[in-house]
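Read off the chains here:
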Protein chains: 2
Amino acid sequence: MQQQTYLKGCLSAIVLQLLQDNKRMYGYEITQRVREITAGELQLTEGALYPTLHKLEAEGVLTTENALVDGRNRKYYKLTENGHQQAQSAVSELADFVSNLQKILHLKPSIG
Amino acid sequence: MQQQTYLKGCLSAIVLQLLQDNKRMYGYEITQRVREITAGELQLTEGALYPTLHKLEAEGVLTTENALVDGRNRKYYKLTENGHQQAQSAVSELADFVSNLQKILHLKPSIG
DNA sequence: TCTATATACAAAATTTTCTTAGGTATAATA
DNA sequence: TATTATACCTAAGAAAATTTTGTATATAGA
């Protein structure tokens, strides 16, 4: 499963997309969600994810809330108001990139 | 045009796809071809491309032929026999990755 | 003729980004 | 009681691209 290689650069955009869909998520949840969506083909490693989350938080794109659930600590991340805009542009650029990759690889364009 | 960011990791696969399509190409030609295909939205920088070509050559995926054209030197790259196989698997993995990105971004799957 | 642009290659230093490996801790299951 | 799942995180290193710089020829325009 070497698809991991191609993930480089897309991680932030993927996280931002998930947070547009879900209002708030915690780190572990994000790794599991990506695994679910991709049927196990893509796996975010925690060593890559947490630094990315912290970076986005430092940039003011995300804020956090702590919660204690079933005796375990959780840290929820959600988009700030500014973050929503940045998320939109990051995601739409990634969609454009996908579209360009389709052209290069002779994949048919997405329906819609 | 920040799509460049997402290119990370895909460069080799893109080069290999182009060389599957074209038998042989030289570096500058590759940058121009990508620019054409993507209507200027994606631009391979030479500083990224040449190290990638050299790495693929060192790995035995590509071989080179020099040619003098219009007084300027050209270095053509083409796939080795082994390279064809590696190109196919790299490209199909990138296609799978694109498919996973479509799922995450709620893009409709490619036609076909 | 001089200058800028296009063509064509490449190396070096830097930065970004991920991987690998490790650490802490609780709950549930076998 | 030992393992797995959940849940957070950091640090060292490697990988990969960017930026910067350099070389050189051809062509078009002023």
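Note that the structure is a prediction, hence the values are computed from the model and not measured.

Undergrad: I'd love a proper account of the overall build of chain A, names of residues and values included.
TA: A tally of helices and strands in chain A yields five helices and three strands. Put simply, chain A runs from its N terminus to its C terminus through helices and strands in the order α-α-β-α-α-β-β-α. If you line up chain A on its principal axes, its C-alpha atoms span 50 × 30 × 25 Å. Across the 112 residues of chain A, 39% fall into the buried class. Within chain A, contacts between residues at least 6 apart in sequence are counted, and of these 50% link residues at least 24 apart. As presented, chain A carries roughly 6,000 Å² of accessible surface, and 47% of it is formed by carbon and sulfur atoms. Each charge sign in chain A was given a centre, from 12 positive and 12 negative side chains, and these centres are 3 Å apart.

Undergrad: Go over helix 2 (residues 11-22) of chain B, please, and point to the residues and values.
TA: Residues and elements named next belong to chain B. In this model, helix 2 (12 residues) spans 17 Å end to end at C-alpha, consistent with the 16 Å of a helix rising 1.5 Å per residue. Leu11, Ala13, Ile14, Val15, Leu16, Gln17, Leu18 and Leu19 are the residues of helix 2 that are buried. Count one or two residues on from helix 2 and you reach Lys23, which has phi positive near 65 degrees.

Undergrad: Which residues make up the protein's contact with DNA strand D, and what values do they have?
TA: What surrounds DNA strand D is a group of 25 residues, the closest being A:Tyr26, A:Tyr28, A:Lys75, B:Ala48 and B:Arg72. Near-protein atoms of DNA strand D (within 4 Å) split between backbone and bases, with sugar and phosphate holding 75%. Contacts to DNA strand D include A:Tyr50, whose side-chain N or O atom sits 2.9 Å from a phosphate oxygen. Contact distances for DNA strand D include 3.4 Å between a phosphate oxygen and a side-chain N or O atom of A:Tyr77. Taken together, the elements giving at least two residues each to the surface near DNA strand D come down to helix 3 (27-37), helix 4 (46-58) and strand 3 (72-79) of chain A together with helix 4 (46-58) of chain B. Residue contributions to the surface near DNA strand D peak at five residues, all from strand 3 of chain A. When its residues are assigned to classes, the surface near DNA strand D shows six nonpolar, 10 polar and nine charged.

Undergrad: Could you give an account of the packing of helix 2 (residues 11-22) of chain A against helix 4 of chain A, naming the residues involved and the relevant values?
TA: Helix-helix packing: each pair is described by the crossing angle between the helix axes and the interaxial distance. All names here are of chain A. One way to put it is that helix 2 packs onto helix 4 with a least axis distance of 10 Å and a crossing angle of 70 degrees. In terms of orientation, helix 2 lies roughly perpendicular with respect to helix 4. Residue-level contacts link Leu11, Ser12, Val15 and Leu16 of helix 2 to Ala48, Leu49, Thr52, Leu53, Lys55 and Leu56 of helix 4. Across the contact of helix 2 with helix 4, the residue classes tally to seven nonpolar, two polar and one charged.

Undergrad: Account for the protein's contact with DNA strand C, with residues named and values stated.
TA: The full set close to DNA strand C counts 26 residues, and A:Arg72, B:Tyr28, B:Glu46, B:Tyr50 and B:Lys75 are the nearest of them. The contact atoms of DNA strand C, taken as those within 4 Å of the protein, divide so that sugar and phosphate hold 77%. B:Tyr50 is positioned with one of its side-chain polar atoms (N or O) 2.6 Å from a phosphate oxygen of DNA strand C. Sorting the residues of the surface near DNA strand C by element identifies helix 1 (4-7) and helix 4 of chain A together with helix 3 (27-37), helix 4 and strand 3 (72-79) of chain B as the ones contributing at least two each. Ranked by residues supplied to the surface near DNA strand C, first place goes to strand 3 of chain B with five residues. Partitioning the surface near DNA strand C into residue classes produces seven nonpolar, 10 polar and nine charged.

Undergrad: Mind laying out the nonpolar core, listing which residues take part and the relevant values?
TA: Among the nonpolar cores identified, the biggest contains 62 residues, and A:Leu62 and B:Leu62 are the most heavily contacted of them. Look past the residues within four positions of A:Leu62 in its chain and what remains in contact with it is A:Leu16, A:Leu19, A:Leu53, A:Leu56, A:Glu57, A:Tyr77, A:Lys78, A:Leu79 and A:Thr80.

Undergrad: Give a detailed account of the sheet that holds strand 1 (residues 25-26) of chain B, specifying residues and quantitative values.
TA: All names here are of chain B. Taken in spatial order, the three strands make up an open sheet running 1-3-2, and their pairing is antiparallel. Among the strands making up the open sheet, the edge pair consists of strand 1 and strand 2 (62-69). In this structure, strand 2 lies alongside strand 3, joined through eight bridges in antiparallel fashion. Paired with Leu62 across the strands is Leu79, a residue of strand 3. Lying on the sheet, helix 2 is in contact with strand 1, strand 2 and strand 3; it crosses strand 3 at an angle near 90 degrees.

The rules we used
- Residues numbered from 1 in each chain as written.
- Chains lettered and ligands numbered in written order.
- Predicted model: local features only at pLDDT ≥ 70, side-chain atom pairs only at ≥ 80, totals over all residues.
- Heavy atoms only, no water.
- Helix = DSSP H or I, 4+ residues; strand = E, 2+ residues; numbered from the N terminus.
- Buried < 20%, exposed > 50% of the residue type's maximum accessible area, 1.4 Å probe, protein only.
- Contact = heavy atoms within 4.5 Å.
- Areas by Shrake-Rupley, 256 points an atom, 1.4 Å probe, with all protein chains shown as cover.
- Lys, Arg positive; Asp, Glu negative; His and termini not counted.
- Charge placed at Lys NZ, Arg CZ, Asp CG, Glu CD.
- Expected span 1.5 Å × (residues − 1).
- Near = heavy atom within 4 Å.
- Polar contact = N/O pair within 3.5 Å; in protein donor to acceptor, adjacent residues only side chain to side chain.
- Nonpolar A, V, L, I, M, F, W, Y, C, P; charged D, E, K, R; others polar.
- Axes fitted to C-alpha atoms, helices over the stretch in contact; angles between N-to-C directions.
- Parallel < 35°, antiparallel > 145°, perpendicular 65-115°, else oblique.
- Core = buried A, V, L, I, M, F, W, Y, C linked by side-chain atoms within 4.5 Å.
- Pairing = 2+ DSSP bridges.

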